[in-house]
Amino acid sequence: MIKLKGALIGCGFFASNHILAWKEINNVEIIAVCDLNIKKANLFKKRYKIKYSYDSITLMIEDLALDFVDVVTTMETHLNICKILSNYRISTSIQKPFSDNLVDAKKIVNLYKKNKTILMVHENFRWQTPIMKIKKLISSHKLGKPIYSKISFRHSNPVGYINQPYLYKLKKYLILDVGIHLYDLSRFFMGNAKNLFTVNQNTNKKFKGETNFTTLINHKDGGVSIVDASISSIKKPDRFAQTLISIECQNGSIDLDYNYKITLHKKNKKTFYSAKPINYKWISKPWDQIQESVVNTHKHFIKSLINNRIPDTSGKDNLRSLEMVFASYSSFYSNKNIKLKL
């Protein structure tokens, strides 16, 4: 089998999860890593036994025959990186948030569209094992059209941000960092949104931005979602990094509770399921659900490349979730219900 050759751009905190996940996929090899800090790139190359390291994306592309690139950098760098990659027609998986504004995100999408090149946003929550299990159960048990959902990501474990100190400085924090995932899940289960209303809170003054939010979403198909997140929700055991979900449909309902426990309700009967993530050797709690989802996300990206198919979480698709993010901030600042355009 011919291996696809890829490169990783960015050697920060989450990049380790990306490279370890790539090593779980048989028909792929990451042959190079690139970072503006060549010392970081060299250390990363040595640690993960990668062949080449660079501090120039252009030089890396011109030196090597790459099939794809995985971008694991912060959002403000994405436009400039994608200008280079799209110009060389390099298929790209890019870390979320896609961009820090909708204008630049649309520019990136148009660059790849113009050059007929695949672009996927690394939106990994929908590829978590329990999330995919819920989706399959709703279909296989014919629960019917979803009417209501509640999607919650609430915890008080600082492990989610202490290794990423730049998060403290963001004036827009939790919605942009976590809400983007949850809004994508609301669309994954309920379809696209038509309007929303958001209330924010700051319960940790170390952060400039919001640390709690609650959003009410009206979906185009008539369903309603409540999406909420917090880094100040004190429970024992702590809920990081598990998303808890309740979905009510025409013919029944389904709940994802703590510790990957699923309960399906239909015809006055309850059926129980477990949806624990695969325990790869490098995975550790409480990150297991998220770390395993990186493998699943990579697999979807590679499958899309092999079949020359638009990924489910394409750049174009992610624009809808990103629009919800910025609409949420507009809603909070104006105290108004915001109509979505995309």
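The structure this text deals with has already been given above.
Before going into details, it helps to say that this report is about the structure given with it. This structure is a prediction, so every number in the text was calculated from the model and none was measured.

## Description of the overall build of the protein chain
What the protein chain contains, in helices and strands, is 9 helices and 15 strands. Expressed along its principal axes, the backbone C-alpha trace of the protein chain runs to roughly 60 × 45 × 40 Å. Per-residue burial over the protein chain gives 56% buried out of 342 residues. Taking contacts inside the protein chain between residues at least 6 apart in sequence as the whole, the part at least 24 apart equals 69%. As displayed, the protein chain offers around 16,100 Å² of accessible surface, 52% of which is attributable to carbon and sulfur atoms. Each charge class in the protein chain was averaged separately, 54 positive and 26 negative side chains, and the resulting centres sit 3 Å apart.

## Observations regarding helix α4 (residues 78-87)
Of all the positions in α4, only H78, L79, I81, C82, L85 and S86 are classed as buried. Projected down its long axis, α4 shows its buried positions confined to an angular sector of 155°, all on one face. Every exposed residue of α4 that faces more than 90 degrees away from the buried side is listed here: N80 and N87. Where α4 terminates, the next one or two residues include R89, which has phi positive at roughly 55°.

## Let's talk about the pattern of salt bridges
Per the counting criterion, the structure on display carries 10 salt bridges. Between D104 and K107 there is a salt bridge; the shortest N-O distance is 4.0 Å. Of the two residues, D104 and K107 are both situated in helix α5 (residues 102-114); the distance of 3 residues between them amounts to about one turn of the helix. Among the residues examined, D104 registers a relative accessible area of 18% and is labelled buried. Its relative accessible area of 44% is what places K107 among the partly exposed residues. Note that D288 is salt-bridged to K285, the shortest N-O span being 2.9 Å. Since its relative accessible area comes to 9%, D288 is described here as buried.

## Looking at the nonpolar core
Counting 87 residues, the largest nonpolar core has L85, F98 and L182 as its most contacted members. No other element matches helix α7 (residues 174-190), which puts 11 residues into this core. Once residues lying within four places of it in the same chain are set aside, the contact partners of L85 are I9, I57, I61, V69, V71, I90, T92 and Y112. I25, F44, I50 and I302 belong to the second-largest nonpolar core, a separate cluster that totals 21 residues.

## Some details on the sheet that holds strand β12 (residues 252-257)
Strands sit in the order β14-β13-β12-β11-β7-β10-β9-β8-β15 across an open sheet of 9 strands; the sheet is mixed. The strands lining the two open edges of the sheet, one partner per strand, are β14 (269-274) and β15 (338-339). Two strands pair when backbone bridges link them, and β12 and strand β13 (residues 261-266) are joined in this way by 5 bridges, in the antiparallel orientation. Bridged to D255 within β13 is T263. Across the sheet, helix α6 (residues 129-140) lies against β11 (244-249), β12, β13 and β14, angled at about 170° from β12, the strand it touches most.

## Examining α5
The end-to-end C-alpha distance of α5, which contains 13 residues, comes to 18 Å, matching closely the 18 Å that a straight helix rising 1.5 Å per residue would cover. Residues of α5 that are buried make contact with α4, β5 (91-95), β6 (119-122) and α9 (315-334). Measuring from the backbone nitrogen of V103 back to the side-chain oxygen at the start of α5 gives 3.2 Å, which picks out N101 as the cap. Looking one or two places after α5, you find K116, whose phi comes out positive at around 50°.

## Overview of the environment of S284
Relative to the helices and strands, S284 is located in the loop between β14 and α8 (288-306). Taking relative accessible area as the criterion, S284 reaches 36% and is therefore assigned partly exposed. Along the chain, S284 and D255 lie 29 residues apart, while their C-alpha atoms are 25 Å from each other.

## Quick notes on the environment of R126
One can find R126 in the loop between β6 and α6. The spacing of R126 and N296 is 170 residues in sequence and 9.5 Å in space, taken between C-alpha atoms. Those residues within four positions of R126 in sequence are excluded, and the remaining contacts are I131, M132, D184, L185, F188, D312, T313 and D317. For R126, the side chain forms a polar contact with the side chain of D184, separated by 2.9 Å.

## So, the sheet that holds strand β3 (residues 52-54)
Read from one edge of the open sheet, 6 strands run β3-β2-β1-β4-β5-β6, paired in parallel fashion. Since the sheet does not close on itself, it has two edges, and those belong to β3 and β6, each with one partner. The mean angle between the axes of side-by-side strands here comes to 25°, regardless of whether they run parallel or antiparallel. Where strand β2 (residues 28-34) lies against β3, 3 bridges are found, and the strand directions are parallel. Its bridge partner lying in β3, A32 is registered against Y52.

So, how was this worked out
- Residues numbered from 1 in each chain as written.
- Predicted model: local features only at pLDDT ≥ 70, side-chain atom pairs only at ≥ 80, totals over all residues.
- Heavy atoms only, no water.
- Helix = DSSP H or I, 4+ residues; strand = E, 2+ residues; numbered from the N terminus.
- Buried < 20%, exposed > 50% of the residue type's maximum accessible area, 1.4 Å probe, protein only.
- Contact = heavy atoms within 4.5 Å.
- Areas by Shrake-Rupley, 256 points an atom, 1.4 Å probe, with all protein chains shown as cover.
- Lys, Arg positive; Asp, Glu negative; His and termini not counted.
- Charge placed at Lys NZ, Arg CZ, Asp CG, Glu CD.
- Arc of directions from axis to C-beta.
- Salt bridge = Lys/Arg side-chain N within 4 Å of Asp/Glu carboxyl O.
- Core = buried A, V, L, I, M, F, W, Y, C linked by side-chain atoms within 4.5 Å.
- Pairing = 2+ DSSP bridges.
- Axes fitted to C-alpha atoms, helices over the stretch in contact; angles between N-to-C directions.
- Expected span 1.5 Å × (residues − 1).
- Polar contact = N/O pair within 3.5 Å; in protein donor to acceptor, adjacent residues only side chain to side chain.

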